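Secondary and tertiary structure notes
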Amino acid sequence: MITEQTSQIAFNKQVASRVFLMGLKSPEMRAAAVPGQFVMIRVRQAMDPLLRRPFSICRADGDLILVLYRVVGRGTEILSEMRQGDSLDVMGPLGRGFGHPPDGRRAILTAGGMGIAPLLFLGDSVGFLGCNLLAGFASSDQVIGPDRVGLLNVEMSVATDDGTLGRQGTVADLMEEHLSHMDPEPGMVFACGPIPMLKAIAAIAMRRDIPCQVSLETTMACGLGACQGCAVKASGRRDRSYWHVCREGPVFDARDLDWGAL
Amino acid sequence: MANLPDLKIRVGPLNLKNPVLTASGTFGYGAEFAPLMDLNRLGGIVVKGISLRPREGNQPPRIVETPCGMLNAIGLANVGLEAFLEEKLPRLRKLRTAVIVNIYGNSVEEYGEVAAGLRGADGISAIEVNISCPNVKQGGMAFGTDPDMSARVTARVVKAADRPVIVKLSPNVTDIRRIAMAVEDAGADALTLINTLTGMAVDIERRVPRLANVSGGLSGPAIRPVALYMVRQAVKAVRIPVIGVGGIMDYRDALEFLIAGARAVQVGTANFVHPRTGLHIIDGLTDFCRAYDIPAIEHIIGTLKEK
Ligand SMILES: Cc1cc2nc3c(=O)[nH]c(=O)nc-3n(C[C@H](O)[C@H](O)[C@H](O)COP(=O)(O)OP(=O)(O)OC[C@H]3O[C@@H](n4cnc5c(N)ncnc54)[C@H](O)[C@@H]3O)c2cc1C
Ligand SMILES: Cc1cc2nc3c(=O)[nH]c(=O)nc-3n(C[C@H](O)[C@H](O)[C@H](O)COP(=O)(O)O)c2cc1C
Ligand code: FES
């Protein structure tokens, strides 16, 4: 069930360079949310910026939903200045979340940068013990681990583009490495991050016939499937030309997307 | 409790429970908003524009935010007439609110065919004709920018339809009064204005248009003064009722249009900002009438004092 309400900010703290973690009080959304779903937040009661901003739910804790966000523009800048006790208009949980890995099979969770957010929620709910969590970041000061959202003792393999932490390279390199000594093969690959990273991960998974689910980002206006502003091209496999990321996604089977058009 | 003010309003042949409708393309087929609100409280719902055949819409990116507004180039994506009747209308029909079907075509004939296709269908209060679409047969210029073409589309739809016809005007014209009068003469029962204003935005880093379609339609509070002025001009130029739309965010904005002479208003982009905007406006109008001892919303309409 989708809720639209004014939610109180339980906390809003910086957890990495330009990255913040916000706890929003909403027993309703917390109860309904599944990993991969997102919320639309109105950053302030003004005509500008006009539209709500979409953010993945990165954790459900007590009666809070948590969002992990990077300051990239005006909306997120305004959000970062909000304080505990302030209120925001929040709508969610929205969209279709991640599926489940087949019983007893390991899952690989791959994140690029802020793409870590929904995967933390996924790992937390299916159990990190059954997952390999792999994440790629630009540099060591950008790294966001599970501990930053209060998930302790969770293992994460890291790659950085500049080699300042973990393996030098991309999360796709990390995944190849893990796959080379995983037996049996993982039951499912989950991915969230920038398009080039998703392309690389999906290509590896599809080549090996491992089911792969990716979470996409697009510009959005309504978040409810009404405006059709969030379209992405579908692959020929399904009898339709576009998906709406807010409603049929943000999580898709990698085979249902036209990767050439993304 | 004191008497509730009467919000009922007549828009030509249409009887609405209140003057607040949702605008085409911003409220889907209603069902999308059903989990968040009681749709029956609305004065009416105008559904996404329907064409004869399904349309996929434009390549993404399709939307971009602009100061106090947004540009969209959705490309009139819709399920098509047949799927609308079979899949969408049955749910809409159950609502206790006016359902208005927005239609468009690529030729005068196609407009007529869509209107004819809706004949006899239960649960449709009126047809709203979007004439802002390109005329494919004649070089892609919008029907709505030419008085003769606007009149021809109107006449064709009026002839084919078996219920009230509202024509929705494009603001991308030099003199809105000429189009309004031509459409009135062609037999329209009412007018809606305005549709979006054509605009564009540029990504300065990549030096490309922000919309794949290059241009798009501007909507939201940024266009409200333009919409209000065009509504006022139309109200003075025609005798048929006018429905006002463009940047309405709250009941005060709605009142500006009603005072300027619109008999009803539509809420568009504001639905994205807050899905219950329509209901908030209805509550706001109720409270306003009470505070000023106005027994019926009818008493406000067209009361603008102009020297
Ligand atoms: C389903 C979904 C889930 C998301 N989850 C998260 C999340 O968990 N954490 C997080 O930090 N961000 C997330 N995003 C992206 C987030 O919505 C944008 O970063 C945010 O809207 C930017 O708002 P702004 O006003 O700060 O930036 P704007 O001023 O609107 O834009 C500034 C710059 O930010 C970039 N930008 C804007 N929108 C996006 C976008 N949708 N994706 C990528 N870059 C964008 C553009 O390059 C732009 O130039 C998600 C997006 C979607 C669609
Ligand atoms: C995403 C989007 C889609 C729209 N689709 C249609 C449409 O299919 N038919 C139509 O007549 N108007 C369409 N419109 C125009 C609106 O109905 C309305 O006239 C316009 O947005 C101005 O009102 P607003 O500022 O309140 O949004 C659309 C507007 C938006 C933002
Ligand atoms: S954001 Fe409106 S349909 Fe997806």
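Residues numbered from 1 in each chain as written. Chains lettered and ligands numbered in written order. Predicted model: local features only at pLDDT ≥ 70, side-chain atom pairs only at ≥ 80, totals over all residues. Heavy atoms only, no water.

**Considering a nonpolar patch on the surface**
Applied cut-off: Patches were defined on residues exceeding 30% relative accessible area and lacking a salt bridge, with like-charge contacts within 9 Å and nonpolar side-chain contacts (Val, Leu, Ile, Met, Phe, Trp, Tyr) within 5 Å. Per-residue and other accessible areas were derived by the Shrake-Rupley procedure at a 1.4 Å probe size, with only the shown protein chains allowed to occlude residues. By definition, a salt bridge exists where a carboxyl oxygen of Asp or Glu is found within 4 Å of a side-chain nitrogen of Lys or Arg. We count a stretch as a helix when DSSP gives it H or I for four or more residues in a row; a strand needs E for two or more, and each element gets its number in order from the N terminus.
Taken together, the side chains of B:Met200, B:Val202, B:Ile204 and B:Val214 make up a nonpolar region of the molecular surface, amounting to roughly 390 Å² of accessible area. Topologically, B:Met200 is positioned in strand β11 (residues 197-200).

**Side note on the site of ligand 1**
Residue and element names in this part refer to chain A. Formally: Whether a residue is near a molecule or strand is decided by its heavy atoms; if any one of them lies within 4 Å of it, the residue is near. Any N or O atom pair separated by 3.5 Å or less is treated as a polar contact, with the protein-specific requirement of one donor-capable and one acceptor-capable atom, and with residues adjacent in sequence counted only for side-chain atom pairs.
Taken together, 19 residues lie around ligand 1, and Arg53, Pro54, Gly75, Thr76 and Glu217 are the ones closest in. Take Ser56: an N or O atom from its main chain is 3.0 Å from a nitrogen atom of ligand 1. Contacts to ligand 1 include Glu217, whose side-chain N or O atom sits 2.7 Å from a nitrogen atom. Contact with the protein chains removes 71% of the 860 Å² of surface that ligand 1 exposes when unbound. Of all the secondary structure elements, the ones that give two or more residues to the shell around ligand 1 are β4 (53-56), β6 (64-70) and α2 (74-80). It is β4 that provides the largest number of residues to the shell around ligand 1, a total of four residues.

**Some words on the nonpolar core**
Condition: In this text, buried Ala, Val, Leu, Ile, Met, Phe, Trp, Tyr and Cys residues form a nonpolar core when linked through side-chain atoms within 4.5 Å. Relative accessible area decides the class of each residue, using a 1.4 Å probe on protein chains only: under 20% of the type maximum gives buried, over 50% gives exposed, and in between gives partly exposed. The split of the chain into domains comes from an automatic or database domain assignment. Two residues form a contact once any of their heavy atoms are found within 4.5 Å.
Grouped together as the largest cluster of nonpolar side chains are 143 residues, with contacts concentrated most on B:Val129, B:Leu169, B:Leu191 and B:Leu193. Examining the composition of this core, we find that six residues originate from one element, helix α5 (residues 195-207) of chain A, more than from any other. Here this core gathers at least three residues from each of two domains, domain 1 (3-94) and domain 2 (107-217) of chain A. Not counting chain neighbours up to four residues away, the residues in contact with B:Leu191 comprise B:Ile166, B:Val167, B:Leu169, B:Ala180, B:Val183, B:Val238, B:Ile240, B:Pro241, B:Val242 and B:Ile243.

**A short note on the sheet that holds strand β3 (residues 38-42) of chain A**
Residues and elements named next belong to chain A. Definition in use: Strands are treated as partners if at least two bridges between them are detected by DSSP. To define axes, lines are fitted to C-alpha atoms, for helices over the stretch in contact only, and angles between the resulting N-to-C directions are given on a 0 to 180 degree scale.
Within the open sheet, the seven strands sit side by side as β4-β3-β7-β1-β2-β6-β5. Their pairing is antiparallel. The open sheet has two edge strands, β4 and β5 (59-61), and neither has a second partner. For this sheet the average axis-to-axis angle between neighbouring strands, irrespective of direction, equals 40°. Examined bridge by bridge, β3 and strand β7 (residues 87-94) share four bridges and lie antiparallel to one another. Bridging from a neighbouring strand, Ile41 pairs with Val90 of β7.

**Overview of the packing of aromatic side chains**
Here a ring pair, both rings aromatic, is described through the centre-centre distance and the interplanar angle of the planes. Here is the rule: Here a pair means two rings of Phe, Tyr or Trp (six-membered ring of Trp) with centres within 6.5 Å. Their orientation is stacked below 30 degrees between planes, edge-to-face above 60, and tilted elsewhere. Distance and angle both matter: a charge sits over a ring if NZ of Lys or CZ of Arg is within 6 Å of the ring centre and within 35 degrees of the ring normal.
In this structure the tally under the stated criterion is nine aromatic pairs over all chains. Here B:Tyr111 and B:Phe143 contribute two aromatic rings whose centre-to-centre distance is 5.3 Å and whose plane-to-plane angle is 90°, an arrangement assigned as edge-to-face. Taken as a pair, B:Tyr111 in helix α2 (residues 108-117) and B:Phe143 in the loop between β8 (126-130) and α3 (147-160) lie far apart in primary sequence, 32 residues in all. By the burial criterion, B:Tyr111 is buried, and B:Phe143 matches it. Directly above the ring of A:Phe11 sits A:Lys13, whose terminal nitrogen or CZ lies 5.0 Å from the centroid.

**As for unusual backbone geometry**
In most cases, non-glycine residues show a negative phi, while peptide bonds are predominantly trans. Cis peptide bonds are those with omega within 30 degrees of zero, and the linkage from A:Asp48 to A:Pro49 qualifies with -5°. Looking at where A:Pro49 falls in the secondary structure, it is placed in the loop between β3 and β4. With an omega of -10°, the peptide bond between A:Gly92 and A:Pro93 qualifies as cis. Here A:Pro93 is to be found in strand β7. In this model, B:Arg207 sits at a positive phi of 55°, which is unusual for a non-glycine residue. Secondary-structure assignment places B:Arg207 in the loop between β12 (202-203) and β13 (208-209). One non-glycine residue, B:Asp293, lies in the positive phi region at around 55°. Residue class for B:Asp293 comes out exposed when judged on its relative accessible area of 69%.

**Section: the interface of chain B and chain A**
Our working rule: Summed over both partners, the accessible area (1.4 Å probe) lost when two parts come together is defined as the buried area.
Listed by partner, the interface residues are 32 residues for chain B and 30 residues for chain A. Both faces considered, chain B and chain A share a buried interface measuring about 2500 Å² in area, 62% of it formed by carbon and sulfur atoms. A per-residue breakdown of the area chain B buries against chain A is headed by B:Glu65, B:Phe272 and B:Val273, which together make up 24% of the total. In this assembly, chain B and chain A are joined by two salt bridges. Between A:Glu4 and B:Arg276 there is a salt bridge; the shortest N-O distance is 2.8 Å. Summed over the shared surface of chain B and chain A, the number is 11 residue pairs in polar contact (both at pLDDT 80 or more). Sorting the residues of the side of chain B that touches chain A by element identifies β5 (63-66), β6 (69-72) and α7 (270-273) of chain B as the ones contributing at least two each. Top contributing element to the side of chain B that touches chain A by residue count: β5(B), with three residues.

Keep in mind these values describe shape, not function.
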